[in-house]
Amino acid sequence: QVQLVESGGGLVQTGGSLRLTCAASGTITSMNSMGWYRQAPGKDRELVSTITSGGRTNYADSVKGRFTISRDGAKNAVYLQMNSLKPDDTGVYYCNYFDSIISRLYWGQGTQVTVSS
């Protein structure tokens, strides 16, 4: 089992920045990916960004150039630096962890990000 705890959400004005943190604990394997998804009110959950244990990253087109994902293997943590925030970035941001060895996906509880216009 893997437990994920997100932090860093909040209320920010358009153009502002936030840094999200997701800390993983439990059975962490050497082959995995971690990432961030978000869900706006009335919309489906969508990909924001992912990063593999090898450091390969992936971003949604809507956040490219504004968001940066990174991870600290020693701390089993993943971070999402969000700059130039827009009202469309508002939503609940969920961290996930995918164990590539046993093909199991875990989700955090989510952290609210609100960008005011």
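Described in the following lines is the structure provided in the data block. Everything numeric in this text was worked out from a predicted model, so none of it was measured.

Throughout the structure, instances matching the rule amount to 3 aromatic pairs. For the pair tyrosine 94 and tryptophan 107, a centre-to-centre distance of 6.5 Å together with 90° between the ring planes defines the contact as edge-to-face. Linking tyrosine 94 in strand β9 (residues 91-99) with tryptophan 107 in strand β10 (residues 104-107), this pair joins segments that are 13 residues apart in sequence. Look at tryptophan 107 and you get partly exposed, because its relative accessible area is 33%. In this structure, arginine 45 packs its charged tip against the face of tyrosine 94, placed 3.7 Å from the ring centre. Lying across the ring of tryptophan 107, arginine 45 places its NZ or CZ 4.6 Å from the centre.

Moving on, we come to the pattern of salt bridges. For the coordinates displayed, the defined rule picks out 4 salt bridges. Across the salt bridge formed by arginine 38 and aspartate 89, the nearest N and O atoms sit 2.9 Å from each other. In this pair, arginine 38 sits in strand β4 (residues 32-39) while aspartate 89 sits in the loop between β8 (77-82) and β9, placing the two residues 51 residues apart along the sequence. Assigned by exposure class, arginine 38 and aspartate 89 land together as buried. Between arginine 66 and aspartate 89 there is a salt bridge, and its shortest N-O distance comes to 2.8 Å. You can see arginine 66 sitting in the loop between β6 (57-59) and β7 (67-72) and its partner aspartate 89 sitting in the loop between β8 and β9, a full 23 residues away along the chain. Judged by its relative accessible area of 11%, arginine 66 falls in the buried class.

Each value, and the rule that gives it
- Residues numbered from 1 in each chain as written.
- Predicted model: local features only at pLDDT ≥ 70, side-chain atom pairs only at ≥ 80, totals over all residues.
- Heavy atoms only, no water.
- Phe/Tyr/Trp six-rings, centres within 6.5 Å; stacked < 30°, edge-to-face > 60°.
- Helix = DSSP H or I, 4+ residues; strand = E, 2+ residues; numbered from the N terminus.
- Buried < 20%, exposed > 50% of the residue type's maximum accessible area, 1.4 Å probe, protein only.
- Lys NZ or Arg CZ within 6 Å of the ring centre and 35° of its normal.
- Salt bridge = Lys/Arg side-chain N within 4 Å of Asp/Glu carboxyl O.

Distances and angles like these do not, on their own, reveal function.
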